[in-house]
Amino acid sequence: ADTGETVPGQILVAWDPAWATIPISDLAESGLDEDRASQTWQDAHNELSKLSGLEVLDITPDYGIGLLAVADGQESAEIERLSRLPWVRYAEPNYVAHAAGYPNDPFIGDQWNLRRVGAPAAWDITKGSYSIVVSLIDSGIDSTHPEFSGRVQLGYDYVNLDYDPSDDYGHGTHVAGIVAAATDNATGIAGLAPNVRILPLNVLIQVGSGSYANIATAIRRAADSAAQVINVSLGGTSYSQSLCDAVTYAESKGALVVAAAGNCAMGGSECGGVANPSFYPAACNGALAVGATDHMDGWAGYSGYKSYVDISAPGGTSSDQVWSTLPGSYGFRYGTSMATPLVSGTAALIWTLQPLYTPAQVADLIQNTADKVGAFTYTSGRNDYYGYGRLNVLRALRWASQ
């Protein structure tokens with residue numbers, strides 16, 4: 001049933017010139033002849049009143065549409081009556097629209113990353129669903145943070161081997177805020193998919209490192225726990241069959257693994273001392289690998305560039321970072337870790353609209369609706385720096401809503 005807000009006591013009716021005796025004026029000619037336009041308006045007003053049997057509140061003969069007055073509570077009955085008449089093209093309520101505004105979260109003005117991907121307009125389509133679960137393979141989460149109230153599922157801590165994946169490092173909570181911080185709660189920030197549930201699985205110790213064994217197990221656990229999206233904002237430079245098998249397993253269970261392409265473009269001690277090495281699990285078949293862009297859609301110079309990079313999203317730079325949640329507070333970070341949850345959030349929103357999509361269909365939609373930004377040539381639709389382009393969540397959701 002239609003539950004849209006309407007103006008009481010009013011309905012709209014449009015007439016078919018082939019059946020109605022109500023005149024439709026020529027807009028251009030009427031604009032040149034004020035007397036003729038006025039007479040056409042009066043003739044149409046009188047004829048519409050006679051044919052409909054209702055008071056005419058307004059009429060636009062140029063477009064063949066009139067606004068009619070009806071008794072309060074009789075709108076549906078009059079619409080049904082008029083719709084049966086041969087001269088009526090359609091009759092409908094006079095619906096009410098509201099300005100599409102930003103959420104009331106006080107820090108949303110600092111979230112340039114959300115504006116860059118079209119999030120505010122995308123929220124008019126959907127903000128996600130409580131039925132969708134996004135698992136964060138990370139350093140855990142501050143489950144007491146007001147941004148996540150009522151939406152954190154029972155997770156697991158693979159470092160301390162308990163069911164309390166509290167965040168001792170801060171990375172996981174920052175990622176969680178980008179995906180799913182609450183909106184319109186007059187607090188802090190807004191997440192891209194604020195209505196989804198979060199499954200936190202801690203695999204990182206306090207200094208931000210973790211074992212492949214724990215990561216692979218956590219990916220499988222997330223898939224077995226019915227998570228549709230598995231966000232992996234971490235990785236390593238060594239290939240592992242076990243890790244890539246976990247990605248394949250997750251895909252077989254209907255989950256999409258979204259993984260950071262890494263911050264190793266220029267090398268560094270955490271990159272094995274090699275510039276631009278392969279980064280896993282992003283490099284595993286089946287993972288959706290995410291690179292990072294800056295505020296102005298430039299390639300972030302630290303972001304790994306490889307043939308497996310599928311998509312890019314705002315990750316910020318050292319001088320222009322991404323604002324999100326931290327344990328007990330808010331703060332800045334940057335990297336492909338911050339770009340990845342934007343893609344995960346988009347996947348969650350797509351699945352809200354299209355729950356029967358496969359992981360491959362969700363990934364394809366994200367890639368096919370991306371913006372071709374930056375200075376690098378897109379050969380066959382992609383390049384190694386941006387993948388298929390910079391994420392555009394608004395365009396992705398418009399396609400999904402079709």
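Described below are features of the structure shown in this document. Residue positions within a chain follow its written sequence, with the count starting from 1. Only residues with pLDDT of at least 70 get local features here, since the model is predicted, and only at 80 or more are side-chain atom pairs given and counted; chain-wide, interface and lining totals rely on the full set of residues. Side-chain metrics in this entry use all non-hydrogen atoms of the structure; hydrogen atoms and water are not considered.

1. Some remarks on the side chain of Glu78
Inference 1: Secondary structure elements are taken from DSSP: a helix is a run of H or I of four residues or more, a strand is a run of E of two residues or more, and numbering for both begins at the N terminus. Looking at the secondary structure, you find Glu78 in helix α3 (residues 75-83).
Inference 2: Each residue's exposure class comes from its accessible area (1.4 Å probe, protein chains only) as a fraction of the maximum for that residue type: buried when under 20%, exposed when over 50%, partly exposed otherwise. Overall, Glu78 belongs to the buried group, its relative accessible area being 18%.
Inference 3: Among all residues touching Glu78, those that are not within four sequence positions of it are Ile11, Leu54 and Val70. For this analysis, residues touch if any pair of their heavy atoms sits within 4.5 Å.

2. Some thoughts on the sheet that holds strand β3 (residues 65-69)
Inference 1: In this analysis, strands are considered paired if DSSP registers two or more bridges between them. Spatial ordering of the open sheet is given by β2-β3-β1-β4, a layout of four strands whose pairing is antiparallel. With partners counted over all chains shown, the strands left at the sheet margins are β2 (55-60) and β4 (88-95), one partner each. On average, each strand axis in the sheet is tilted by 25° relative to the strand beside it, whichever way the strands run.
Inference 2: For β2 and β3, the ladder comprises five bridges, and the chain directions are antiparallel. Bridge pairing in β3 links Glu55 to Ala69. Structural elements are reduced to axes, namely lines fitted to C-alpha atoms, with helices fitted over the stretch in contact, and the angle between N-to-C directions of any two is expressed from 0 to 180 degrees.

3. Observations concerning the packing of helix α9 (residues 336-353) against helix α10 (residues 359-368)
Inference 1: Relative to each other, α9 and α10 sit at 115°, their axes nearing to 10 Å. Considering the relative orientation of α9 and α10, their crossing is right-handed. Taking contact as the criterion, the partners of Val343, Thr346, Ala347, Ile350 and Trp351 in α9 are, on α10, Pro359, Val362, Leu365 and Ile366.
Inference 2: In terms of residue class, the contact of α9 with α10 is made up of eight nonpolar, one polar and no charged. Should the near helix be turned anticlockwise from the far one by less than a right angle, the crossing is termed left-handed; should it be turned clockwise, right-handed. Following the grouping adopted for this structure description, the nonpolar residues are Ala, Val, Leu, Ile, Met, Phe, Trp, Tyr, Cys and Pro, the charged ones are Asp, Glu, Lys and Arg, and the polar ones are all others, Gly among them.

4. What to know about the state of the cysteines
Inference 1: Here, two cysteine sulfur atoms that lie within 2.5 Å of each other are counted as a disulfide. Applying the stated criterion across every chain yields a total of two disulfides.
Inference 2: The disulfide that involves Cys244 links it to Cys284, with 2.1 Å between the sulfurs. Judged by the sign of its S-S torsion, about -75°, the cystine formed by Cys244 and Cys284 is left-handed. Of the two residues, Cys244 is situated in helix α8 (residues 241-252) and Cys284 in the loop between β9 (256-260) and β10 (288-293); the sequence distance between them amounts to 40 residues.
Inference 3: Its relative accessible area of 4% is what places Cys284 among the buried residues.
Inference 4: Sequential numbering of the bridged cysteines in the protein chain gives the disulfide pattern 1-4, 2-3.

5. With respect to the side chain of Thr369
Inference 1: Inspection of the secondary structure assignment puts Thr369 in the loop between α10 and α11 (393-401).
Inference 2: Residue Thr369 is classed as buried on the basis of its relative accessible area, which comes to 2%.
Inference 3: Discounting residues that sit within four places of it in the chain, Thr369 has contacts with Asn392, Arg395, Ala396 and Trp399.

6. Quick word on the packing of aromatic side chains
Inference 1: Any two of the Phe, Tyr and Trp rings considered here, Trp counted by its six-membered ring, make a pair once their centres fall within 6.5 Å; the pair's planes then place it as stacked at under 30 degrees, edge-to-face at over 60, or tilted in between. Across all of its chains, the model carries 15 aromatic pairs by this definition.
Inference 2: A ring pair is formed by Tyr239 and Tyr280, whose centres lie 5.6 Å apart and whose planes are at 75°; its orientation type is edge-to-face. Taken together, the positions of Tyr239 in the loop between β8 (229-232) and α8 and Tyr280 in the loop between β9 and β10 put the pair 41 residues apart, joining distant regions of the chain.
Inference 3: Under the relative-accessibility criterion, Tyr280 is labelled buried at 13%.
Inference 4: Relative to Phe376, the ring of Trp299 has its centre 6.2 Å away and its plane inclined at 85°; by these criteria the two rings are edge-to-face. One end of the pair, Trp299, is in the loop between β10 and β11 (309-314); the other, Phe376, is in the loop between α10 and α11, with 77 residues separating them in the sequence.
Inference 5: Since its relative accessible area comes to 30%, Phe376 is described here as partly exposed.

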